[in-house]
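Given next are the chains, with one letter for each unit.
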Amino acid sequence: MTDTQKSRFRIPAQEMERILSLLGRHPNITEEAIFSALWSEHCSYKSSRIHLRRFSSKGPRVLMGPGENAGVVRVTSRLGIAFKMESHNHPSYIEPFQGAATGVGGILRDIFAMGACPIALTNSLVMGSLRQPRQMTLFRRVVAGIGAYGNAIGVPTVGGEIWFDERYAKNILVNAFALGLVPDDAIMSAIPPAKPLLAVYLGNKTGRDGVSGAAMASRSFSDKESDLRPQVQVADPFVGKKVMEATLTIIRRGLAGAIQDMGAAGLTSSSVEMADKAGMGIELDVEKVPLRDPTMEPWEILLSESQERMLLLVEEDKVPSILEIARESQVAAGVIGHIIPEPVFRVRKGETVYGEVPVSHLTREAPLYDRPQSPRTASFPQHPPHPSASGRHAIADIFLRLLDHPNGGSAEWIFRQFDYEVGTRTLLGPGHDVAIVDLRAEDRGVAIALAGSSHPVFRDPARGGALLVAKTVTDLAAVGAWPVGLTDCLNFGNPERPETMHDFVMAVSGIADAARRLDIPVVSGNVSFYNETDGVSIPPTPILATCGVLASPRNAPPGSLGEGGLRLVMAGSNADLSLGGSYLDWILPELEESPVPSVDWAGLVLLQPFLALLIEKGALRATRAIGRGGLLRTLLSMVAHSDETGLHLRLPLLDTPLGTFFSEAPGRIVLAFAPENGPVVADTAREFGVPLLDLGQTAPHRFSLTYRDRDGKEKALALPLSSLKKKYLSALSGPMETLP
Amino acid sequence: MPECFRVGIIRFPGTNCDLDTWEAVALVPELAPTWISHRDRSLDGIDAVILPGGFSYGDYLRTGIIAARSPVMDAIGQFAEKGKPVLGICNGFQILAEAGLLPGTLLPNSGRTFLCREERISVEQTRTPFTLFFSPGARIRLPIAHQEGRFHADPDTLVELEARGQVLCRYNANPNGSLRDIAGVTSPEGTIAGLMPHPERRMRGASTSDGLPFFQSLAAWLTGERDISPLSLAFSSRDDA
């Protein structure tokens, strides 16, 4: 023991010293394992915590905020929705199928730990370029893994997003979102009452899989290479379903005092965090933990991240009922410890004490960093504007260029692998930019909108962050849903780099300010740092999910249509049609240097009531917020799934044709309606002060448009409809189906 | 007080379309759903049985194979022998095929991935307890959601299925490589039926309610509204439609 300063669990030297001074002695291996888990970035949020305070989680609808397994927001007089998004980036890169599947399993456990029955999943994926065979495999396996878990456990995957970008090739992002339904008087908490409760283990047996997933064990720790077990966990949705049903039964019968899922750092974090919230201590006997491998050391048991496990704190007289429910569900369960008045975390194996650490050392005394920040220097060279940017062919060429990439196509290849209808609540599934799930209560539905396009954040972290919030709110408004809560997953590089930290703080402030301005509480979230390989970090990538509520959800207009003769109108402000951060800016960065568009906040909040009223009047046939690629791609995605419907646009004089056709400025929604509803749409728009821009009509077999340029010159453009649709539908499925 | 028929919905560990099927059955006034556990050995008082979709036993080993050996399956075998209606949807179909109650087997999709999407389907055999309400050749839309839905049978069996009119329904655009586009089959008597598409997911709504007739048919059949002419004569060839 000559080198006691060096951690066996890769705890940094200065943190080891802090542990020594807190304990007044050297930690033993069990204690060091405990510190390594709870002081890890993943569990302690040590680099992000002080910045996350910017988020406001307050609001009259908020029933549960951060600090719980998931946030809960009221959506009817009796019901709340619990929702959260989490990353599973690192495991998915190592073993894409299991990494993605356990990501879904983990987020579902967070939801049902609250007593909420999961009714919807979505995901946001960012992968490297598909030109690399390795990425193709990663992508294929990630999608299969997500499907394998969600499909089997019977929770529909109602939406999702995909983005391919070479800068993520070595750090793919797999973010999973789940939403559940809970009666407001049956919400479970991870904060136990200050009583002498017993710790009950429920679920899969503990194995060596995922030991130290949150803080990987050092290689020097073992002499034999063969002893290194995989750090990726293995999913078992079959057991997961049984654990879910048992947990929900236990909660419904009022048998548990507090519940937390064993996620990152498994048993250690769930037990310590719950004891800490009660202001108590906890004692565990690892001999009582159901094990797959009886030779596991106490520290391995504490750090195992075996899946499908829950930790319950319960009163002694409730234990027999809980064990009976577990037996009935064919799930392992047992009492493994108890809450103690002394505020310490004590680990025993039978009579032998293996470790004892004050709870506060693991939680409140955990390191907290305000890491240095400095702005990134401009990373893009200045190019002169594209010479033919306003020419007649340029618009068509650019549009085709956008479609000639997996990012520009339909994501159907992905979502057809997900069961998006099981549960029969799905009213709008994938492919509509916003998903709607029926609450089956008070004639209301929940809408879910995702925003994971990182390019605006890369261009301008603060403005980009705000833009993402505005984008989700626009998506919700398109179906008449008003936002009630937001969750985020903040994927960034190495926080020890001042540039990354600066991006992080700016993006957080952009998101937080926008959410505050729109009165949307940020009820849950997750930070994923260290998305870095060989010293290269990913671009800043916050991914948001905003949930909204809408009335009469069965009347919500879809995002696609298939009939000719409908009028097409764009509702919303056209004030700033900058291209910065858009898909066009990403694919042709040399085209035009342009700022990230500013958001017309006052105009944005008018859209929801405006759309809701038109929908109530039954005036709309289809709607879609202008999203990736701008107006033309949005219109194409509306007609792409019909056999022959296209459109003809007749636009007025355009100052900035590029901006009009390709800007992704939020706050703009395409409305399609029967001509006889023209007056009601126009009157309602006038009443709300929402600007309308007449676009044209849907028409069979056409994709054409006319406009006048700045000089008043008439411009016309006609593209072959069937080949456009084919491009759109096969941009992603083509390479996935033709290549091995 | 009208008659109410009890429809047993079988739940295996891992079944996940059980609630959807319950709601679908409950939508038909003459039908009353009731839960049947995989451990039950008796179906006394039950008028019809539905095996819903899902991932029974996690689809481990092979889809449907573990469920097909559950205690309740013996009871279902005896129940079916009495000529009582049995319907398997998706995983339920896989279980019935695995148990030998329906011909053929369901292999992994030819595209090797899970497939969830709406399919156009032609209903061919309309003299079963589940398809009385359709006219032969009716074109409907139902969603599929499966990874192992490729219907397969040896050539002799296929010829026999066609000759006896045991093809319940076919895909218009074969999504999974099923032989002869078969999406569902029946027993020779027509009282046991299985299909991969999910009628319980199209019960109501603005788009389609093409699943509803499956359950309305069952109610009508149980009431005694059925054509008693032999199945094999009821249907000649797929091209008639």
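Residues numbered from 1 in each chain as written. Chains lettered and ligands numbered in written order. Predicted model: local features only at pLDDT ≥ 70, side-chain atom pairs only at ≥ 80, totals over all residues.

Quick look at the overall build of chain A
Line of reasoning, step 1. Looking only at helices and strands, chain A has 24 helices and 28 strands in total.
Line of reasoning, step 2. On C-alpha atoms alone, chain A measures out to a radius of gyration of 26 Å, which is about the 27 Å that the 2.2 N^0.38 rule sets for 740 residues.
Line of reasoning, step 3. By principal-axis analysis of the C-alpha atoms, chain A measures approximately 90 × 55 × 45 Å.
Line of reasoning, step 4. The burial tally for chain A puts 59% of its 740 residues in the buried class.
Line of reasoning, step 5. Sequence-distant contacts, at least 24 apart, represent 84% of the contacts inside chain A between residues at least 6 apart. (Helix = DSSP H or I, 4+ residues; strand = E, 2+ residues; numbered from the N terminus. Rg over C-alpha atoms; globule rule 2.2 N^0.38 Å. Buried ≥ 20, exposed ≤ 12 C-beta atoms within 10 Å, placed from the backbone. Contact = placed C-beta atoms within 7 Å.)

Things to note about the overall build of chain B
Line of reasoning, step 1. Broken down by element type, chain B carries six helices and 11 strands.
Line of reasoning, step 2. Over its C-alpha trace chain B gives a radius of gyration of 16 Å, about what one expects of a compact globule, namely 18 Å for 241 residues.
Line of reasoning, step 3. Over its C-alpha atoms, taken along the principal directions, chain B stretches across nearly 45 × 40 × 40 Å.
Line of reasoning, step 4. Looking at chain B as a whole, 56% of its 241 residues qualify as buried.
Line of reasoning, step 5. Counting contacts in chain B only where the partners sit at least 6 residues apart, residues at least 24 apart contribute 78% of the total.

A word on the pairing of strand β25 (residues 668–673) of chain A
All names here are of chain A.
Line of reasoning, step 1. Along β25, six of the six residues are buried, which leaves the element largely enclosed by surrounding structure.
Line of reasoning, step 2. Residues of β25 alternate between two faces, with Arg 668, Val 670 and Ala 672 on one and Ile 669, Leu 671 and Phe 673 on the opposite face, all of them buried.
Line of reasoning, step 3. Relative to β25, strand β23 (residues 622–625) runs antiparallel, the two sharing four bridges. Paired with Thr 623 across the two strands is Leu 671, which belongs to β25. (Pairing = 2+ DSSP bridges.)

Some points on the environment of Ala 148 of chain A
Line of reasoning, step 1. Summarising the element assignment, Ala 148 of chain A is placed in helix α7 (residues 133–153).
Line of reasoning, step 2. Taking the C-alpha atoms as reference points, Ala 148 of chain A and Phe 418 of chain A, 270 residues apart in sequence, are found 8.2 Å from one another.

Some words on the packing of helix α6 (residues 96–112) of chain A against α7 of chain A
All names here are of chain A.
Line of reasoning, step 1. As a packed pair, α6 and α7 sit with axes 7 Å apart at the nearest point and diverge in direction by 35°. Considering how the two elements wind past one another, α6 and α7 form a crossing that is right-handed. Between α6 and α7, the contacting residues are Pro 96, Phe 97, Gln 98, Gly 99, Ala 100, Ala 101, Val 104, Gly 105 and Leu 108 on the first element and Leu 138, Arg 141, Val 142, Ala 144, Gly 145, Ile 146, Ala 148, Tyr 149, Gly 150 and Ile 153 on the second. (Axes fitted to C-alpha atoms, helices over the stretch in contact; angles between N-to-C directions. Left-handed = near helix turned anticlockwise from the far one by under 90°.)

Examining unusual backbone geometry
Line of reasoning, step 1. A positive phi is found at Tyr 45 of chain A, a non-glycine position, where the angle reads about 50°.
Line of reasoning, step 2. Residue placement: Tyr 45 of chain A occurs in the loop between α3 (41–44) and α4 (49–52).
Line of reasoning, step 3. Even without a glycine there, the phi angle at Cys 90 of chain B is positive, about 55°.
Line of reasoning, step 4. By secondary structure assignment, the location of Cys 90 of chain B is in the loop between β4 (86–89) and α3 (91–98).
Line of reasoning, step 5. Cys 90 of chain B sits in the buried class, given 31 other C-beta atoms within 10 Å.

Re helix α17 (residues 498–517) of chain A
Residue and element names in this part refer to chain A.
Line of reasoning, step 1. In this model α17 runs 28 Å from its N-terminal to its C-terminal C-alpha over 20 residues, within 8% of the 28 Å that 1.5 Å per residue would give.
Line of reasoning, step 2. Among all positions in α17, only Thr 500, Met 501, Asp 503, Phe 504, Met 506, Ala 507, Val 508, Gly 510, Ile 511, Ala 512, Ala 514 and Ala 515 are buried.
Line of reasoning, step 3. Two residues or fewer after α17 comes Asp 519, characterised by a positive phi angle close to 60°. (Expected span 1.5 Å × (residues − 1).)

Looking at the interface of chain A and chain B
By a widespread convention, an interface's size corresponds to the accessible area lost as its parts come together.
Line of reasoning, step 1. With 21 residues of chain A at the interface, the matching set in chain B holds 22 residues.
Line of reasoning, step 2. No other element matches the five residues that α7 of chain A contributes to the side of chain A that touches chain B.
Line of reasoning, step 3. Across the side of chain A that touches chain B, the residue classes break down as eight nonpolar, seven polar and six charged. (Nonpolar A, V, L, I, M, F, W, Y, C, P; charged D, E, K, R; others polar.)

Topic: the pairing of strand β28 (residues 714–718) of chain A
Residues and elements named next belong to chain A.
Line of reasoning, step 1. The pairing of strand β27 (residues 703–708) with β28 spans five bridges and is antiparallel. Directly across from Thr 706, in β28, lies its bridge partner Ala 716.
Line of reasoning, step 2. Here β27 folds back onto β28, and the loop between the two strands holds five residues, one of which, Gly 712, carries a positive phi near 80°.

Notes on the nonpolar core
Line of reasoning, step 1. Ranked by internal contacts, the top residues of the largest apolar core, which has 307 residues, are Leu 312, Ala 447 and Ile 448 of chain A.
Line of reasoning, step 2. Among residues more than four places away in sequence, those in contact with Ala 447 of chain A are Val 434, Ala 435, Ile 436, Leu 476, Val 479, Ala 481, Gly 548 and Leu 550 of chain A. (Core = buried A, V, L, I, M, F, W, Y, C linked by C-beta atoms within 7 Å.)

Topic: the sheet that holds strand β11 (residues 333–340) of chain A
All names here are of chain A.
Line of reasoning, step 1. Strand order across the open sheet formed by seven strands is β8-β10-β7-β11-β9-β12-β13, with mixed pairing between neighbours. The open sheet has two edge strands with one neighbour each: β8 (258–261) and β13 (352–358). The sheet shows a mean angle of 20° between the axes of neighbouring strands, direction not considered.
Line of reasoning, step 2. Inspection of the sheet shows strand β12 (residues 344–349) paired to β13 by six bridges, in the antiparallel sense. The residue of β13 that forms the bridge with Phe 345 is Val 357.
Line of reasoning, step 3. Its contacts with the sheet place helix α2 (residues 29–38) against β12 and β13, and it is angled at close to 40° to β13.
Line of reasoning, step 4. Across the sheet, helix α9 (residues 266–278) lies against β7 (198–203), β8, β9 (281–285), β10 (309–314), β11 and β12, angled at about 150° from β9, the strand it touches most.

Description of the environment of Ile 538 of chain A
Residue and element names in this part refer to chain A.
Line of reasoning, step 1. Along the chain, Ile 538 falls in the loop between β20 (536–537) and β21 (541–551).
Line of reasoning, step 2. Judged by local crowding, Ile 538 falls into the buried class, with 27 C-beta atoms found within 10 Å.
Line of reasoning, step 3. With 520 residues separating them along the chain, Ile 538 and Arg 18 place their C-alpha atoms 31 Å apart.
Line of reasoning, step 4. Leaving out residues up to four positions away in the same chain, Ile 538 has contacts with Arg 167, Tyr 168, Asn 171, Asn 491, Gly 493 and Asn 531.

Overview of the sheet that holds strand β6 (residues 115–123) of chain B
Residue and element names in this part refer to chain B.
Line of reasoning, step 1. If you walk across this open sheet you meet the nine strands as β2-β1-β3-β4-β11-β10-β9-β6-β7, and the pairing is mixed. Looking along the sheet, the strands with just one partner apiece sit at the ends: β2 (31–37) and β7 (138–146). Taken over all neighbouring pairs, the strand axes of this sheet differ in orientation by 25° on average, direction set aside.

Structural notes on the environment of His 502 of chain A
All names here are of chain A.
Line of reasoning, step 1. By secondary structure assignment, the location of His 502 is in helix α17.
Line of reasoning, step 2. In this structure the C-alpha to C-alpha distance between His 502 and Ser 637, which are 135 residues apart in sequence, comes to 36 Å.
Line of reasoning, step 3. Residues contacting His 502, with those up to four places away along its chain left out, are Gln 373, Ser 374, Pro 375 and Arg 376.

Description of the packing of helix α8 (residues 237–252) of chain A against helix α11 (residues 319–328) of chain A
Residues and elements named next belong to chain A.
Line of reasoning, step 1. Here α8 crosses α11 at 150°, and the two axes come no closer than 9 Å. Comparing the axis directions of α8 and α11 gives the class roughly antiparallel. For α8 against α11, the interelement crossing comes out right-handed. Residues Ala 246, Thr 249 and Ile 250 of α8 form the contact with α11, whose participating residues are Ile 322, Ile 325 and Ala 326.
Line of reasoning, step 2. Among the residues making up the contact of α8 with α11, the classes are represented as five nonpolar, one polar and no charged. (Parallel < 35°, antiparallel > 145°, perpendicular 65-115°, else oblique.)

Digging into the confidence of the model for chain A
A low pLDDT means the predicted coordinates there should not be read in detail.
Residue and element names in this part refer to chain A.
Line of reasoning, step 1. The share of residues in chain A with pLDDT of 70 or more is 94%, and the mean pLDDT across the chain is 92.
Line of reasoning, step 2. Note that pLDDT drops below 50 for residues 215–228; the model gives that stretch 16 contacts with residues more than four away or on any other chain.
Line of reasoning, step 3. Low pLDDT, under 50, characterises residues 380–393; the stretch is placed with 16 contacts to residues that sit more than four places away or in other chains. (pLDDT = per-residue confidence, 0-100.)

Details of the confidence of the model for chain B
All names here are of chain B.
Line of reasoning, step 1. A residue-level look at chain B finds 92% of positions with pLDDT of 70 or above and a mean pLDDT of 92.
Line of reasoning, step 2. Segment residues 228–241 is flagged for pLDDT under 50; beyond a separation of four residues in sequence, or across chains, it makes 22 contacts in the model.
Line of reasoning, step 3. In the predicted complex, the global pTM is 0.94; the interface-specific ipTM is 0.91.

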